[in-house]
Amino acid sequence: MLEVDNLNQYYGGSHILRDVKLTVPEGKLTVLLGRNGVGKTTLLRCLMGVVQTKSGSIAWRGAPITKLPTYSRVEKGLAYVPQGRDIFPRLTVEENLLVGAASKKAPKKIPERIYELFPVLKDMRGRRGGDLSGGQQQQLAIGRALMSDPQLLILDEPTEGIQPSIIQDIGRTLRQLVEDMGMTVLLVEQYYDFAKDIADRYWVMSRGEIVAGGEGANMDADGVRALIAV
Ligand SMILES: Nc1ncnc2c1ncn2[C@@H]1O[C@H](COP(=O)(O)OP(=O)(O)OP(=O)(O)O)[C@@H](O)[C@H]1O
Ligand SMILES: [Mg+2]
(Lines give C-alpha, C1' and ligand atoms only; values in the text may rest on other atoms or scores of the structure.)
(Ligands and ions follow the chains in the order given, each with its own letter.)
Protein backbone atom coordinates (compact mmCIF):
# COMPACT_ATOMS: atom_id res chain seq x y z
CA MET A 1 0.00 0.00 0.00
CA LEU A 2 2.81 2.34 0.96
CA GLU A 3 6.29 1.75 -0.43
CA VAL A 4 9.35 3.69 0.63
CA ASP A 5 12.46 3.24 -1.44
CA ASN A 6 16.00 4.53 -0.86
CA LEU A 7 14.83 7.53 1.10
CA ASN A 8 17.53 9.93 2.28
CA GLN A 9 17.11 12.94 4.51
CA TYR A 10 19.51 15.46 6.02
CA TYR A 11 19.29 18.18 8.66
CA GLY A 12 22.01 20.63 7.70
CA GLY A 13 25.08 18.46 7.23
CA SER A 14 23.84 15.45 9.21
CA HIS A 15 22.65 12.47 7.27
CA ILE A 16 19.52 11.39 9.20
CA LEU A 17 17.79 8.82 6.96
CA ARG A 18 20.00 6.46 4.97
CA ASP A 19 18.49 4.61 2.02
CA VAL A 20 15.38 3.75 4.01
CA LYS A 21 13.38 1.03 2.32
CA LEU A 22 10.17 -0.38 3.76
CA THR A 23 6.61 -1.32 2.90
CA VAL A 24 3.34 -0.97 4.78
CA PRO A 25 0.87 -3.66 3.72
CA GLU A 26 -2.83 -2.84 3.42
CA GLY A 27 -5.21 -3.86 6.20
CA LYS A 28 -2.41 -4.59 8.68
CA LEU A 29 -0.86 -2.91 11.67
CA THR A 30 2.83 -2.26 11.06
CA VAL A 31 5.11 -1.10 13.87
CA LEU A 32 8.36 0.82 13.35
CA LEU A 33 10.66 0.48 16.35
CA GLY A 34 13.90 2.24 17.18
CA ARG A 35 15.80 3.94 19.98
CA ASN A 36 15.77 7.68 20.68
CA GLY A 37 16.99 9.86 17.88
CA VAL A 38 17.40 7.22 15.16
CA GLY A 39 15.15 9.11 12.73
CA LYS A 40 11.65 7.68 13.24
CA THR A 41 9.87 11.02 13.42
CA THR A 42 11.91 12.33 10.52
CA LEU A 43 10.71 9.41 8.41
CA LEU A 44 7.06 10.07 9.31
CA ARG A 45 7.50 13.75 8.45
CA CYS A 46 8.81 12.72 5.05
CA LEU A 47 5.85 10.37 4.56
CA MET A 48 3.42 13.21 5.31
CA GLY A 49 5.35 15.83 3.34
CA VAL A 50 5.94 17.97 6.43
CA VAL A 51 9.57 18.04 5.35
CA GLN A 52 10.71 17.67 1.76
CA THR A 53 12.55 14.43 1.03
CA LYS A 54 16.06 14.91 -0.36
CA SER A 55 16.18 11.73 -2.43
CA GLY A 56 14.35 8.46 -2.87
CA SER A 57 10.67 7.74 -3.40
CA ILE A 58 7.41 7.24 -1.54
CA ALA A 59 4.66 5.44 -3.42
CA TRP A 60 1.02 5.20 -2.37
CA ARG A 61 -1.06 2.51 -4.09
CA GLY A 62 1.59 2.32 -6.79
CA ALA A 63 1.80 6.05 -7.58
CA PRO A 64 4.54 8.39 -6.36
CA ILE A 65 3.55 10.97 -3.72
CA THR A 66 7.10 12.08 -2.90
CA LYS A 67 6.60 15.62 -4.19
CA LEU A 68 3.01 16.18 -3.10
CA PRO A 69 2.11 18.73 -0.41
CA THR A 70 0.76 17.44 2.89
CA TYR A 71 -2.88 18.34 2.16
CA SER A 72 -2.84 16.27 -1.04
CA ARG A 73 -1.54 13.29 0.90
CA VAL A 74 -4.36 13.74 3.42
CA GLU A 75 -6.85 13.89 0.54
CA LYS A 76 -5.40 10.63 -0.77
CA GLY A 77 -6.08 8.93 2.57
CA LEU A 78 -3.04 9.44 4.82
CA ALA A 79 -3.49 10.82 8.34
CA TYR A 80 -0.91 11.64 10.99
CA VAL A 81 -0.94 11.75 14.79
CA PRO A 82 2.26 13.64 15.63
CA GLN A 83 4.57 12.90 18.54
CA GLY A 84 3.53 15.07 21.49
CA ARG A 85 -0.04 15.16 20.13
CA ASP A 86 -0.19 18.89 19.20
CA ILE A 87 -3.65 19.46 20.63
CA PHE A 88 -4.91 23.06 20.53
CA PRO A 89 -5.16 23.75 24.28
CA ARG A 90 -7.59 26.67 24.07
CA LEU A 91 -10.00 25.05 21.61
CA THR A 92 -12.68 22.69 22.88
CA VAL A 93 -12.54 18.95 22.25
CA GLU A 94 -15.18 19.36 19.55
CA GLU A 95 -13.29 22.21 17.89
CA ASN A 96 -10.08 20.19 17.97
CA LEU A 97 -11.88 17.35 16.21
CA LEU A 98 -13.30 19.68 13.57
CA VAL A 99 -9.80 20.88 12.72
CA GLY A 100 -9.18 17.33 11.49
CA ALA A 101 -12.00 17.68 8.98
CA ALA A 102 -10.73 20.96 7.56
CA SER A 103 -9.84 19.33 4.23
CA LYS A 104 -13.37 17.94 3.79
CA LYS A 105 -15.99 19.95 1.92
CA ALA A 106 -18.91 18.16 3.62
CA PRO A 107 -20.82 19.88 6.43
CA LYS A 108 -18.86 20.00 9.64
CA LYS A 109 -20.21 17.47 12.11
CA ILE A 110 -18.51 14.91 14.34
CA PRO A 111 -19.41 11.39 13.13
CA GLU A 112 -20.86 9.22 15.90
CA ARG A 113 -18.25 6.51 15.28
CA ILE A 114 -15.51 8.81 16.62
CA TYR A 115 -17.40 9.12 19.89
CA GLU A 116 -18.08 5.37 19.90
CA LEU A 117 -14.34 4.71 19.64
CA PHE A 118 -13.56 7.32 22.33
CA PRO A 119 -16.59 7.79 24.60
CA VAL A 120 -14.56 10.07 26.87
CA LEU A 121 -14.37 12.63 24.05
CA LYS A 122 -18.14 12.80 23.92
CA ASP A 123 -18.37 13.36 27.67
CA MET A 124 -15.77 16.10 27.42
CA ARG A 125 -16.70 17.64 24.08
CA GLY A 126 -17.22 21.12 25.54
CA ARG A 127 -14.00 21.14 27.58
CA ARG A 128 -10.80 22.80 26.46
CA GLY A 129 -8.18 20.50 24.97
CA GLY A 130 -5.63 21.78 27.45
CA ASP A 131 -7.77 20.60 30.38
CA LEU A 132 -7.63 16.94 29.30
CA SER A 133 -5.18 14.41 30.75
CA GLY A 134 -2.28 13.22 28.58
CA GLY A 135 -4.11 10.03 27.71
CA GLN A 136 -7.29 11.87 26.82
CA GLN A 137 -5.31 14.28 24.66
CA GLN A 138 -3.78 11.30 22.85
CA GLN A 139 -7.26 9.91 22.21
CA LEU A 140 -8.31 13.34 20.96
CA ALA A 141 -5.31 13.47 18.62
CA ILE A 142 -6.25 10.07 17.19
CA GLY A 143 -9.90 11.13 16.89
CA ARG A 144 -8.85 14.29 15.09
CA ALA A 145 -6.77 12.27 12.60
CA LEU A 146 -9.75 9.97 11.97
CA MET A 147 -11.90 12.97 11.01
CA SER A 148 -10.33 12.97 7.53
CA ASP A 149 -11.56 9.37 6.98
CA PRO A 150 -8.07 7.99 6.37
CA GLN A 151 -7.12 4.69 4.81
CA LEU A 152 -3.69 4.80 6.45
CA LEU A 153 -3.32 6.11 9.99
CA ILE A 154 0.24 7.02 11.01
CA LEU A 155 1.00 7.47 14.73
CA ASP A 156 4.20 8.67 16.39
CA GLU A 157 4.75 7.18 19.87
CA PRO A 158 1.15 7.46 21.13
CA THR A 159 2.07 5.74 24.43
CA GLU A 160 4.70 8.32 25.40
CA GLY A 161 3.96 9.70 28.87
CA ILE A 162 0.59 7.99 29.19
CA GLN A 163 -0.80 5.88 32.01
CA PRO A 164 -1.00 2.09 31.45
CA SER A 165 -4.80 1.76 31.45
CA ILE A 166 -5.15 4.25 28.60
CA ILE A 167 -2.28 2.59 26.74
CA GLN A 168 -4.34 -0.62 26.77
CA ASP A 169 -7.38 1.28 25.49
CA ILE A 170 -5.37 2.81 22.68
CA GLY A 171 -3.99 -0.61 21.72
CA ARG A 172 -7.49 -2.07 21.57
CA THR A 173 -8.75 0.85 19.52
CA LEU A 174 -5.94 0.49 16.98
CA ARG A 175 -6.67 -3.24 16.56
CA GLN A 176 -10.35 -2.38 16.15
CA LEU A 177 -9.57 0.13 13.39
CA VAL A 178 -7.64 -2.56 11.52
CA GLU A 179 -9.92 -5.54 12.12
CA ASP A 180 -13.38 -3.99 12.10
CA MET A 181 -12.90 -0.94 9.91
CA GLY A 182 -10.34 -2.21 7.41
CA MET A 183 -7.87 0.55 8.16
CA THR A 184 -4.11 0.29 7.75
CA VAL A 185 -1.95 1.51 10.64
CA LEU A 186 1.71 2.52 10.80
CA LEU A 187 2.78 2.95 14.41
CA VAL A 188 6.13 4.30 15.62
CA GLU A 189 6.94 2.91 19.07
CA GLN A 190 9.71 2.40 21.60
CA TYR A 191 7.53 0.52 24.09
CA TYR A 192 8.37 -3.05 23.09
CA ASP A 193 5.65 -5.01 24.92
CA PHE A 194 2.90 -2.76 23.59
CA ALA A 195 4.26 -3.01 20.05
CA LYS A 196 4.63 -6.78 20.20
CA ASP A 197 1.08 -7.26 21.44
CA ILE A 198 -0.55 -5.43 18.55
CA ALA A 199 1.84 -5.70 15.56
CA ASP A 200 1.08 -7.71 12.44
CA ARG A 201 4.41 -6.65 10.91
CA TYR A 202 7.45 -4.82 12.23
CA TRP A 203 10.47 -2.85 11.10
CA VAL A 204 13.44 -1.77 13.21
CA MET A 205 15.40 1.41 12.53
CA SER A 206 18.88 2.11 13.82
CA ARG A 207 20.86 5.26 13.00
CA GLY A 208 18.67 6.14 10.08
CA GLU A 209 18.69 2.69 8.52
CA ILE A 210 16.20 -0.18 8.51
CA VAL A 211 18.09 -3.07 10.14
CA ALA A 212 15.38 -5.70 10.62
CA GLY A 213 11.80 -6.53 9.69
CA GLY A 214 9.32 -9.38 9.84
CA GLU A 215 6.11 -10.76 11.28
CA GLY A 216 4.83 -9.33 14.56
CA ALA A 217 4.42 -12.85 15.94
CA ASN A 218 8.16 -13.45 15.51
CA MET A 219 9.40 -10.35 17.31
CA ASP A 220 10.61 -12.25 20.38
CA ALA A 221 12.25 -14.99 18.32
CA ASP A 222 13.90 -12.41 16.04
CA GLY A 223 15.51 -10.68 19.03
CA VAL A 224 13.85 -7.34 18.41
CA ARG A 225 13.80 -6.42 22.11
CA ALA A 226 17.60 -6.38 22.20
CA LEU A 227 17.74 -4.20 19.07
CA ILE A 228 15.83 -1.39 20.76
CA ALA A 229 16.94 -1.87 24.39
CA VAL A 230 18.90 1.09 25.74
N1 LIG B 1 14.67 20.10 12.97
C2 LIG B 1 15.84 19.47 13.20
N3 LIG B 1 17.02 20.07 12.93
C4 LIG B 1 18.20 19.44 13.14
N5 LIG B 1 18.31 18.18 13.61
C6 LIG B 1 17.17 17.53 13.91
C7 LIG B 1 15.88 18.13 13.73
N8 LIG B 1 14.94 17.25 14.11
C9 LIG B 1 15.61 16.15 14.51
N10 LIG B 1 16.94 16.30 14.39
C11 LIG B 1 17.96 15.28 14.68
O12 LIG B 1 17.73 14.21 13.78
C13 LIG B 1 17.92 12.96 14.42
C14 LIG B 1 16.66 12.13 14.27
O15 LIG B 1 15.58 12.76 14.96
P16 LIG B 1 14.13 12.15 15.01
O17 LIG B 1 13.30 13.11 15.75
O18 LIG B 1 13.69 11.75 13.66
O19 LIG B 1 14.37 10.82 15.88
P20 LIG B 1 13.33 9.85 16.57
O21 LIG B 1 13.74 8.47 16.21
O22 LIG B 1 11.95 10.26 16.26
O23 LIG B 1 13.63 10.09 18.13
P24 LIG B 1 12.65 9.99 19.39
O25 LIG B 1 12.51 8.55 19.67
O26 LIG B 1 13.41 10.68 20.48
O27 LIG B 1 11.38 10.65 19.05
C28 LIG B 1 18.28 13.27 15.86
O29 LIG B 1 19.67 13.21 15.97
C30 LIG B 1 17.79 14.68 16.07
O31 LIG B 1 18.59 15.36 17.01
MG1 LIG C 1 10.41 10.86 17.40
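Residues numbered from 1 in each chain as written. Chains lettered and ligands numbered in written order. Predicted model: local features only at pLDDT ≥ 70, side-chain atom pairs only at ≥ 80, totals over all residues. Heavy atoms only, no water.

Under an unreviewed UniProt entry, the protein has the name High-affinity branched-chain amino acid transport ATP-binding protein LivF and belongs to Paraburkholderia phenoliruptrix.

## Some thoughts on the sheet that holds strand β1 (residues 2–11)
Taken in spatial order, the four strands line up as β2-β1-β4-β5 in an open sheet, and their pairing is antiparallel. Each of the sheet's edge strands pairs with one partner strand only, and the pair in question is β2 (14–24) and β5 (63–64). Pairing of β1 with β2, which is carried by seven bridges, proceeds in the antiparallel orientation. Looking at the pairing, V4 lines up with L22 of β2. Along the sheet face, helix α1 (residues 40–48) touches β1, β2 and β4 (55–60) and points at about 115° away from the line of β1. (Pairing = 2+ DSSP bridges. Helix = DSSP H or I, 4+ residues; strand = E, 2+ residues; numbered from the N terminus. Contact = heavy atoms within 4.5 Å. Axes fitted to C-alpha atoms, helices over the stretch in contact; angles between N-to-C directions.)

## Considerations on the side chain of T159
Of note, T159 is situated in the loop between β7 (152–156) and α7 (164–181). At 3.0 Å, the side chain of T159 and the side chain of E189 are in polar contact. (Polar contact = N/O pair within 3.5 Å; in protein donor to acceptor, adjacent residues only side chain to side chain.)

## Regarding the packing of aromatic side chains
A full pass over the atoms with the stated rule returns one aromatic pair. Ring geometry for Y191 against F194: centres 6.0 Å apart, planes inclined by 20°, an arrangement best described as stacked. Since its relative accessible area comes to 5%, F194 is described here as buried. (Phe/Tyr/Trp six-rings, centres within 6.5 Å; stacked < 30°, edge-to-face > 60°. Buried < 20%, exposed > 50% of the residue type's maximum accessible area, 1.4 Å probe, protein only.)

## Remarks on the coordination of the magnesium ion (ligand 2)
Protein-derived coordination of the magnesium ion (ligand 2) comes from T41 (OG1) and Q83 (OE1), at a distance range of 1.9 to 2.2 Å. Residue T41 is found in helix α1, and its partner Q83 is found in the loop between β6 (78–81) and α3 (93–99); the two are separated by 42 residues along the sequence. A relative accessible area of 23% means that T41 is categorised as partly exposed. (Donors = N, O, S within 2.8 Å, 3.2 Å for Na, K, Ca; no water.)

## Concerning the environment of P69
Looking at where P69 falls in the secondary structure, it is placed in the loop between β5 and α2 (70–76). Residue classification places P69 among the partly exposed residues on the basis of a relative accessible area of 34%. In this structure, the C-alpha to C-alpha distance between P69 and L140, residues 71 residues apart in sequence, is 24 Å.

## Let's talk about the nonpolar core
Counting 46 residues, the largest nonpolar core has L97, L146, L153, L174 and L187 as the members making the most contacts within it. It is α7 that contributes the most residues to this core, six residues altogether. Leave out the neighbours within four places in its chain, and L146 touches R113, I114, L117, F118, L153, L177 and M183. (Core = buried A, V, L, I, M, F, W, Y, C linked by side-chain atoms within 4.5 Å.)

## Focus: the pairing of β7
Summarising burial for β7: five of the five residues are buried, a large majority. Burial along β7 is two-sided: L152, I154 and D156 and L153 and L155, pointing in opposite directions, are all buried. Pairing of β6 with β7 involves four bridges; the strand directions are parallel. By the bridge assignment for β7, Y80 is matched with I154. As paired elements, β7 and strand β8 (residues 184–189) share five bridges and run parallel to each other. In the sheet register, L152 faces β8, and the bridge partner there is T184. The parallel pair β7 and β8, bridged by α7, forms a crossover whose chirality is right-handed. (Right-handed = clockwise from strand over helix to strand, strands pointing away.)

## Re the site of ligand 1
Near ligand 1, the surroundings consist of 13 residues, among which G37, K40, T41, T42 and Q190 are the closest. Residue V38 places a main-chain N or O atom 3.2 Å away from an oxygen atom belonging to ligand 1. In the environment of ligand 1, an oxygen atom lies 2.5 Å from a nitrogen or oxygen atom belonging to the side chain of T42. The leading source of residues in the shell around ligand 1 is α1, at three residues. A breakdown of the residues in the shell around ligand 1 according to their chemical character gives three nonpolar, seven polar and three charged. (Near = heavy atom within 4 Å. Nonpolar A, V, L, I, M, F, W, Y, C, P; charged D, E, K, R; others polar.)

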